[in-house]
Amino acid sequence: MTKMIEIQHLKKNYGEKKVLSDINLSVSQGEVVTIIGPSGSGKSTLLRCINLLEVPSGGKVLIDGTAVRYKTNKSNLLTIRTRFQLSELRSQVGMVFQHFNLWTHRTVLQNIIDAPMMVQKKSYSEAVAIAESLLKKVGLFDKKNEMPYHLSGGQQQRIAIARALAMQPKVILFDEATSALDPETVGDVLKVMTDLAHEGMTMVVVTHEMQFARQVSDRVLFMENGVIQAEGTPDELFRNHSNKRIAEFIHHFQAD
């Protein structure tokens, strides 16, 4: 099976602080990999290194067999040329953030059509057709002319998912996509994510939603202190209590 993401010996340091230590991971096409672990364990940083929102301190990332290449300046920031070239990578690797990151001064429809038109050079009519189809998919077609601040958090997050899908990515990364939501709206977002998984979308999901991790994932990783401490099928991680630390962590969130 095609390896859609391959991470080799990935490291990330902030000065003397090690955030990620020698991460090795591959994600196959159509696979759903969920990453769990305590806050500060490096989960979100790992996702952000995949699409270079964070610059790795070492190692390699490959997307669909092609290495992600980049250059940094003396301040270890991405060069302007690299930032320009990254638009192609980010069209292949969508990302859904904890806090939506929608343009508040643009309508729902405009939020979705901008990137396909600017990056993929789609016509306005093509971009609108894609956006309207996706809005129907996430159950928010009737909101297309609304401003994001008129919508609930759960609705905004579903718009953010539609925006990521509009680029027709090979992979979508979800970084705590439900953690900022009211409990009543979490289920709507998780349903959209579950539907995507069943449709075969390759997904890497950082979450504290243990039920989602257990029911939807093909594999679950447990991270702590910048290291993948354990991985396996949901049954292997959730039913095997030989690792006391993992058992305590899972029990804490299931108890909530």
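Calculation criteria
- Residues numbered from 1 in each chain as written.
- Predicted model: local features only at pLDDT ≥ 70, side-chain atom pairs only at ≥ 80, totals over all residues.
- Heavy atoms only, no water.
- Helix = DSSP H or I, 4+ residues; strand = E, 2+ residues; numbered from the N terminus.
- Buried < 20%, exposed > 50% of the residue type's maximum accessible area, 1.4 Å probe, protein only.
- 1 Å grid on protein atoms, 1.4 Å probe; cavity = no way out; pocket = protein on both sides within 12 Å on 5 of 7 lines; lining within 4 Å.
- Points joined across faces, edges and corners; volume = space filled by probe spheres on them.
- pLDDT = per-residue confidence, 0-100.
- Axes fitted to C-alpha atoms, helices over the stretch in contact; angles between N-to-C directions.
- Parallel < 35°, antiparallel > 145°, perpendicular 65-115°, else oblique.
- Left-handed = near helix turned anticlockwise from the far one by under 90°.
- Contact = heavy atoms within 4.5 Å.
- Nonpolar A, V, L, I, M, F, W, Y, C, P; charged D, E, K, R; others polar.

A. Summary view of unusual backbone geometry. Even without glycine at this site, Asn 76 takes up a positive phi of about 65 degrees. Positive phi, close to 70 degrees, is recorded for Phe 100, a residue that is not glycine. Note on placement: Phe 100 falls in the loop between β6 (93-96) and α3 (108-118). With relative accessibility at 12%, the residue Phe 100 sits in the buried group.

B. Layout of empty space enclosed by the protein. Counting across every chain of the model gives one cavity of 30 Å³ or more. Volume-wise, the largest cavity comes out at about 50 Å³. Every residue lining the largest cavity is listed: Leu 10, Cys 49, Ile 50, Leu 52, Pro 56, Gly 59, Lys 60, Val 61, Val 68 and Tyr 70. Mapped onto the lining of the largest cavity, the elements with two or more residues apiece are α1 (43-50) and β4 (58-63). Among the elements that line the lining of the largest cavity, the one with the most residues is β4, at three residues.

C. Spotlight on the confidence of the model for the protein. Per-residue confidence for the protein averages 92 on the pLDDT scale, and 98% of its residues sit at or above 70. Within the protein, strand β8 (residues 202-206) carries the highest mean pLDDT (98), whereas helix α9 (residues 244-255) carries the lowest (77).

D. The packing of α3 against helix α5 (residues 153-166), seen in detail. At their nearest, the axes of α3 and α5 sit 8 Å apart, and the two run at 25 degrees to each other. Taken together, α3 and α5 sit at an angle that is classed as roughly parallel. When the axes of α3 and α5 are compared, the crossing they make is right-handed. When α3 is examined against α5, the residues Val 108, Asn 111, Ile 112 and Pro 116 are found in contact with a partner set consisting of Ile 159, Ala 162, Arg 163 and Ala 166. When grouped by side-chain class, the residues that make up the contact of α3 with α5 number six nonpolar, one polar and one charged.

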